[in-house]
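Per-entry structural report
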Amino acid sequence: MSAAYSPPSYCVVGGGISGLVAAYRLRVAAGPDASITLFDPADRLGGVLRTERVGGQLVDVGAEAFVARRPEVSALLAELGLADRKIGTTGVRPLIFSEGRLHPMPQGTLQGIPAQASSMAGLVDDATVARIADEPSQPFSWRTGADPTVAELIGDRFGPQVVARSVDPLLAGVYAGSSATIGLRAAAPTLAAALDRGARTLTDAVREALPPPMPGSVFGAVDGGYAVLLDALVRQAQVDWVHVGVKQVSRDGRGWSLVDDEGGHWHADGVVLAVPAPRLPTLIDGVAPKSAAAARRIQTASSALVVLALPGGTPLPEQSGVLVASGERLNSKAMTLTSRKWGRRGNVELVRLSFGRFGDSLARDVGDEDLLRWAAEDLSTVFGVTSDPVDCHVQRWMDALPQYGPGHAGLVAELRSGLPTTLVVAGAYLDGIGVPACVGSATKAVAALTTSGVAR
Ligand SMILES: Cc1cc2nc3c(=O)[nH]c(=O)nc-3n(C[C@H](O)[C@H](O)[C@H](O)COP(=O)(O)OP(=O)(O)OC[C@H]3O[C@@H](n4cnc5c(N)ncnc54)[C@H](O)[C@@H]3O)c2cc1C
């Protein structure tokens, strides 16, 4: 007599974009009969993706965009029947706040690393412009596979002003980190590859590494906010959402046993762990100690966001926002002029200011009142705007931004290699911090589960 077929069962731990995409991909791979249980103790699914109403308008108060050059989010939107919800920017450009004033963001750089000296003119002093121009004549050596911090390489070749005024503002925007701690291979993989291929100088390597110009907007977003994407994922994944955290995963025959924060026990044939890096080690200490140890070495930054709805007609410039150079006497590290960047809706000007960099405790320690006051001060300093907001929202994202230090890819390979085949990971600390990379990591995690045999 043959054993009765029982459909596979999966648990997905963490309901941010990584967990939701994993759940959706599992549903597609395993079919309608598979049991997919998703655990997340938060009040809402989506993790760092969260859409709120401020000044009557829907606005993302976590991630607000995705890099349009990468295919993952556009493809996912299309797959979910949401292709028409993808929007681009209005075409206005960002600024850099450095030395107490605003500068146009240099064009033709790779993460702020110039391909030619002239692009830095006005942002750095003449001696630094001359130094960049002279770089090709200076002896240069590169060890294949090396992964210095961005500041080590760029500071050494182009000087500290390029680091502080051009590269740091971009890295602070992406990682809430700085070039002193982010590894070159993570921040600029195509540059590292060009150097490995034997580029003669840094300038040559940057030129080789620059992506070809792409028509259209560099960034995309979802009309109606990321909530639109999250809702579609939840609907199409048909998950059972259990509003509780998981605290431990252990072996259970050929599958897995999960213990939740309330002492409940769950069984699954396959598990996707889609929690932030700091939450991973205690979950897997018992079953994958080497992976747990690797995850413990990934550091994180926290960020606080203030979203203001200013009265319609507030005189803000036609720019998408401002990135702040390191060492400036401003409280915020970046400002997004949301209504200018994506197009205005309603009779308000939406502005987002973000605070907190790797190594500071600002997002944890500074109260809402102080953050709102700092936001007002910065708007006044940078734009001379003193209008009172008609509405506001403060959002904190604790330990949400993994830092991709030198050697990060090796650390991630070590982490993954220590996991049994039916226990997989997805998340922002693996293959890139942005939403497209998270979608990619979830897709990769489910493909690994599928080939392990569970989803057949
Ligand atoms: C302020 C900010 C702005 C950003 N802006 C952009 C941007 O514009 N564009 C872009 O591409 N990227 C941006 N990012 C990065 C990107 O948004 C995140 O990296 C990505 O959303 C992370 O998704 P995730 O699912 O991996 O993790 P998370 O969103 O952190 O989700 C993890 C989930 O796991 C849950 N969880 C934790 N512990 C447990 C447990 N024990 N059991 C069960 N569940 C648990 C949490 O409640 C959470 O919901 C931004 C990040 C931040 C913080």
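Residues numbered from 1 in each chain as written. Predicted model: local features only at pLDDT ≥ 70, side-chain atom pairs only at ≥ 80, totals over all residues. Heavy atoms only, no water.

Naming follows an unreviewed UniProt entry, where the protein appears as Coproporphyrinogen III oxidase of Mycolicibacterium hodleri. Recorded in UniProt under Pathway (unreviewed entry), the annotation for the protein is "Porphyrin-containing compound metabolism; protoheme biosynthesis." Taken verbatim from the UniProt record of the protein, the Cofactor (unreviewed entry) comment is "FAD". (UniProt positions renumbered as here; feature names shortened; annotations may be inferred.)

Let us look at the site of the ligand. Of all residues adjacent to the ligand, which total 35 residues, the nearest are Ser 18, Asp 40, Ala 65, Ile 433 and Val 435. One of the backbone nitrogen or oxygen atoms of Ile 433 is found 2.6 Å away from an oxygen atom of the ligand. Taken by itself the ligand offers 1000 Å² of open surface, and the protein chains cover 86% of this. Of all the secondary structure elements, the ones that give two or more residues to the shell around the ligand are helix H1 (17-30), strand S21 (391-402) and helix H16 (435-451). Its residues assigned to classes, the shell around the ligand shows 22 nonpolar, 10 polar and 3 charged. (Near = heavy atom within 4 Å. Polar contact = N/O pair within 3.5 Å; in protein donor to acceptor, adjacent residues only side chain to side chain. Areas by Shrake-Rupley, 256 points an atom, 1.4 Å probe, with all protein chains shown as cover. Helix = DSSP H or I, 4+ residues; strand = E, 2+ residues; numbered from the N terminus. Nonpolar A, V, L, I, M, F, W, Y, C, P; charged D, E, K, R; others polar.)

Attention shifts here to the packing of aromatic side chains. Two numbers describe a pair of aromatic rings. These are the distance of the centres and the angle of the planes. In the structure shown here, the tally under the stated rule is 3 aromatic pairs. Measuring from centroid to centroid gives 5.7 Å for Tyr 175 and Tyr 404, while their planes differ by 50 degrees, and the two rings are tilted. One end of the pair, Tyr 175, is in helix H5 (residues 160-175); the other, Tyr 404, is in the loop between S21 and helix H15 (408-417), with 229 residues separating them in the sequence. With a relative accessible area of 6%, Tyr 175 lands in the buried category. (Phe/Tyr/Trp six-rings, centres within 6.5 Å; stacked < 30°, edge-to-face > 60°. Buried < 20%, exposed > 50% of the residue type's maximum accessible area, 1.4 Å probe, protein only.)

Taken domain by domain, the protein consists of domain 1 (9-53 + 59-67 + 77-84 + 221-298 + 404-451), domain 2 (109-209) and domain 3 (299-402). Taken over C-alpha atoms, the centre of domain 1 sits 29 Å from the centre of domain 3. Contact residues are listed per partner, giving 21 residues for domain 1 and 19 residues for domain 3. It is Val 59, Val 61 and Glu 64 in domain 1 that bury the most area against domain 3; as a group they hold 33% of the surface buried on that side. For the pair domain 1 and domain 3, the number of links is 2 salt bridges. Ionic pairing is found between Lys 341 and Glu 64, a salt bridge with its closest N-O pair at 2.7 Å. At the level of secondary structure, the elements contributing two or more residues to the side of domain 1 that touches domain 3 comprise strand S3 (51-54) and strand S4 (57-60). For the side of domain 1 that touches domain 3, a count of residues per class yields 12 nonpolar, 2 polar and 7 charged. (Domains from an automatic or database assignment. Contact = heavy atoms within 4.5 Å. Buried area = accessible area lost by both parts, 1.4 Å probe. Salt bridge = Lys/Arg side-chain N within 4 Å of Asp/Glu carboxyl O.)

Moving on: a nonpolar patch on the surface. Nonpolar side chains collect at one region of the surface, where Val 67, Val 218 and Phe 219 lie side by side and expose about 240 Å² of accessible area between them. Looking at where Phe 219 falls in the secondary structure, it is placed in strand S11 (residues 219-222). Phe 219 sits in the partly exposed class, given a relative accessible area of 35%. (Patch = residues over 30% accessible without salt bridge, like charges linked within 9 Å, V, L, I, M, F, W, Y side chains within 5 Å.)

The next thing to look at is H15. The set of residues buried in H15 consists of His 408, Leu 411, Val 412 and Leu 415. Looking straight down H15, one finds that the buried residues subtend no more than 95 degrees of arc, so they occupy a single side. Every exposed residue of H15 that faces more than 90 degrees away from the buried side is listed here: Ala 409 and Ser 417. Against the buried residues of H15 lie helix H10 (280-284), helix H11 (289-296) and strand S22 (423-425). (Arc of directions from axis to C-beta.)

We now examine the packing of H11 against H15. Where H11 meets H15, the closest approach of the two axes is 7 Å, and the angle between their N-to-C directions is 155 degrees. Considering their axes alone, H11 and H15 lie roughly antiparallel with respect to each other. In this structure, the crossing between H11 and H15 has a hand that is left-handed. Across the interface between the two elements, Ser 291, Ala 294 and Ala 295 of H11 pack against Leu 411, Glu 414 and Leu 415 of H15. Looking at the contact of H11 with H15 residue by residue, the classes come out as 4 nonpolar, 1 polar and 1 charged. (Axes fitted to C-alpha atoms, helices over the stretch in contact; angles between N-to-C directions. Parallel < 35°, antiparallel > 145°, perpendicular 65-115°, else oblique. Left-handed = near helix turned anticlockwise from the far one by under 90°.)

Further remarks concern the environment of Gly 245. With respect to the helices, strands and loops of the structure, Gly 245 is situated in the loop between strand S12 (240-242) and strand S13 (246-252). Here Gly 245 falls in the buried class, since its relative accessible area comes to 7%. Ignoring sequence-local partners within four residues, the contact set of Gly 245 consists of Pro 41, Asp 260 and Asp 261.

Ranked by internal contacts, the top residues of the largest apolar core, which has 44 residues, are Leu 153, Ile 154, Val 162, Leu 184, Leu 191 and Leu 195. Elements supplying a minimum of two residues to this core: helix H3 (126-134), helix H4 (150-158), H5, helix H6 (184-187), helix H7 (189-196) and helix H8 (202-209). Ranked by residue count, the leading element in this core is H5, at 6 residues. Both domain 2 (109-209) and domain 3 (299-402) contribute no fewer than three residues apiece to this core. Those residues in contact with Leu 153 that sit more than four places away from it in its chain are Phe 140, Trp 142, Pro 148, Leu 184, Leu 195 and Leu 202. (Core = buried A, V, L, I, M, F, W, Y, C linked by side-chain atoms within 4.5 Å.)

Before going further, it helps to examine H5. If you check H5, its first and last C-alpha atoms are just 20 Å apart, much less than what 16 residues at 1.5 Å a residue would give, namely 22 Å. The axis of H5 is deflected most strongly, by about 45 degrees, at Val 167, and proline Pro 169 appears within four residues downstream. Counting buried residues in H5 gives 13 out of 16 residues, a clear majority hidden from the surface. Taken from the residues just after H5, Ala 176 is the one with a positive phi, measuring 50 degrees. (Expected span 1.5 Å × (residues − 1). Bend = angle between axes of the 7 residues up to and from the residue.)

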